[in-house]
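# Descriptive structure summary
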Amino acid sequence: MSSAWTGRARATDDDIKELVAKLQSLLPEARRRSSGRTSAAKLLKETCSYIKSLQREVDDLSDRLSDLISAMDDNSAQAEIIRSLLS
Amino acid sequence: MHREISPGNPNPNPNPNSPMPGFCYFLHALARIQQDVAPQRSPGKKGRRIRRAAYASMAVAAAPRRMAWSRALLRRLRRRSASPRRKTITVTRKKTRTERQEDELRRLVPGGRRMDLCSLLEETGDYLQCLAAQVSLMQWVARSISE
């Protein structure tokens, strides 16, 4: 995997390996290549894809919340916040 | 603020630095947006404001950990107008697949362009966890409101 970054400072190869492994562990199960060795490029690609899908979810949820709170009146917004902070 | 006020641990990998400050920030921002009685000029406006609040609350939650992505995101959010990005054309040798993926990652992670590779990987891990936590939070709020 270290050869994937040809020309980079060799001194941090182990650090990079460690961080790449950690990154892999942060991907959800479905996105992890369970077949032991994963190429750096594949891992980065999965990571980028995961980030994009999370960002899309934030967009979609923002629209959804916008619709939901438009349907609320003033009192219930306050009530919802108080309820969630004290429950 | 009690730790029990967590949205039912929706995050399968609970972040030890739980997004508590971001949680309150987001809820208050939502309430402010909801109370804004100014007539909505376009239907997407509230959605965009909520989206901004989501990213702001993520950055706020990450601030104690002094993450570079958090600072970069806050800078980006504070810029009122979108400053046109300099389009620098540089001719380079053909990049490896890994290098192209690294470039894409740098574009996706706030502040990613300025980081060395090690920092980029570290910051990416943290950014991912925060994004996932923010999504869980928003799902929880949506569920709570719609019940």
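Quick summary incoming for the structure in this document. (Residues numbered from 1 in each chain as written. Chains lettered and ligands numbered in written order. Predicted model: local features only at pLDDT ≥ 70, side-chain atom pairs only at ≥ 80, totals over all residues. Heavy atoms only, no water.)

## A closer look at the interface of chain A and chain B
To keep things clear, this is the line we draw: Throughout, a residue-residue contact means that at least one pair of heavy atoms, one from each residue, lies within 4.5 Å. We define a salt bridge as a side-chain nitrogen of Lys or Arg found within 4 Å of a carboxyl oxygen belonging to Asp or Glu. Here a polar contact means two N or O atoms within 3.5 Å. Within protein one must be a hydrogen donor candidate and the other an acceptor candidate, and residues neighboring in sequence count only if both atoms are side-chain atoms. Secondary structure elements are taken from DSSP: a helix is a run of H or I of four residues or more, a strand is a run of E of two residues or more, and numbering for both begins at the N terminus. As a working rule, the residues Ala, Val, Leu, Ile, Met, Phe, Trp, Tyr, Cys and Pro are called nonpolar, Asp, Glu, Lys and Arg charged, and the rest polar, with Gly in that last group.
Across the boundary between the two partners, chain A contributes 47 residues, which contact 45 residues of chain B. At the surface where chain A touches chain B, the tally comes to two salt bridges. A salt bridge links Lys52 of chain A to Glu104 of chain B, with the nearest nitrogen and oxygen atoms 2.6 Å apart. Remark: the boundary between chain A and chain B carries six residue pairs in polar contact (both at pLDDT 80 or more). Those elements giving two or more residues to the side of chain A that touches chain B turn out to be helix 1 (13-26), helix 2 (40-70) and helix 3 (74-86) of chain A. If you tally residues by element for the side of chain A that touches chain B, the top one is helix 2 of chain A, at 24 residues. Its residues placed into classes, the side of chain A that touches chain B shows 24 nonpolar, 10 polar and 13 charged.

## Some thoughts on the pattern of salt bridges
Residue and element names in this part refer to chain B. Counted only if it meets this: Relative accessible area decides the class of each residue, using a 1.4 Å probe on protein chains only: under 20% of the type maximum gives buried, over 50% gives exposed, and in between gives partly exposed.
Taken as a whole, this structure holds six salt bridges over all chains when the rule is applied. One salt bridge in this structure joins Asp103 and Lys95, with 2.5 Å as the shortest N-O distance. Note on Asp103: relative accessible area 24%, which makes it partly exposed. Among the residues examined, Lys95 registers a relative accessible area of 31% and is labelled partly exposed.

## Here we look at the nonpolar core
Applied cut-off: Definition used in this section: a nonpolar core is a set of buried Ala, Val, Leu, Ile, Met, Phe, Trp, Tyr and Cys residues joined via side-chain atoms within 4.5 Å.
Counting 58 residues, the largest nonpolar core has Leu65 of chain A together with Phe26, Trp69 and Val141 of chain B as the members making the most contacts within it. Sorting the residues of this core by element identifies helix 1 and helix 2 of chain A together with helix 1 (20-35), helix 2 (44-62), helix 3 (68-78), helix 4 (97-108) and helix 5 (117-146) of chain B as the ones contributing at least two each. Here the element with the most residues in this core is helix 5 of chain B; it accounts for 16 residues. With near-sequence residues (within four places) excluded, Trp69 of chain B lies in contact with Met58, Ala59, Ala62, Val109, Pro110, Met115, Glu123, Asp126, Tyr127 and Cys130 of chain B.

## Observations regarding the environment of Ala142 of chain B
Residues and elements named next belong to chain B. Along the chain, Ala142 turns up in helix 5. Taking the relative accessible area as the measure of exposure, Ala142 reaches 3% and is therefore buried. The spacing of Ala142 and Arg32 is 110 residues in sequence and 16 Å in space, taken between C-alpha atoms.

## Focus: a positive patch on the surface
Residue and element names in this part refer to chain B. Here is the rule: Candidate patch residues must exceed 30% relative accessible area and have no salt bridge, after which like charges are joined if within 9 Å and Val, Leu, Ile, Met, Phe, Trp or Tyr side chains if within 5 Å. Computed with the Shrake-Rupley method and a 1.4 Å probe, the accessible areas treat only the protein chains shown as cover for residues. The positive count covers Lys and Arg only, the negative count covers Asp and Glu only, and His and the chain ends enter neither. Here the site of a charge means atom NZ of a Lys, CZ of an Arg, CG of an Asp or CD of a Glu.
A cluster of basic residues, Arg66, Arg71, Arg75, Arg76, Arg79, Arg85, Arg107, Arg113 and Arg114, forms a positive patch at the surface. Per-element tally for the positive patch: the top contributor is helix 3, with three residues. Residue placement: Arg71 occurs in helix 3. The class of Arg71 is partly exposed, set by a relative accessible area of 45%.

## Overview of a negative patch on the surface
Side chains of Asp14, Asp15 and Glu18 of chain A together with Asp116 and Glu122 of chain B sit close together on the surface and give a patch of like negative charge. With respect to the element layout, Asp116 of chain B can be found in the loop between helix 4 and helix 5.

## Remarks on helix 3 of chain B
Every buried residue of helix 3 of chain B is accounted for by Trp69, Ser70, Ala72, Leu73, Leu74 and Leu77 of chain B. In this structure, the buried residues of helix 3 of chain B make contact with helix 2 and helix 5 of chain B.

On their own, these measurements won't tell you what the molecule is for.
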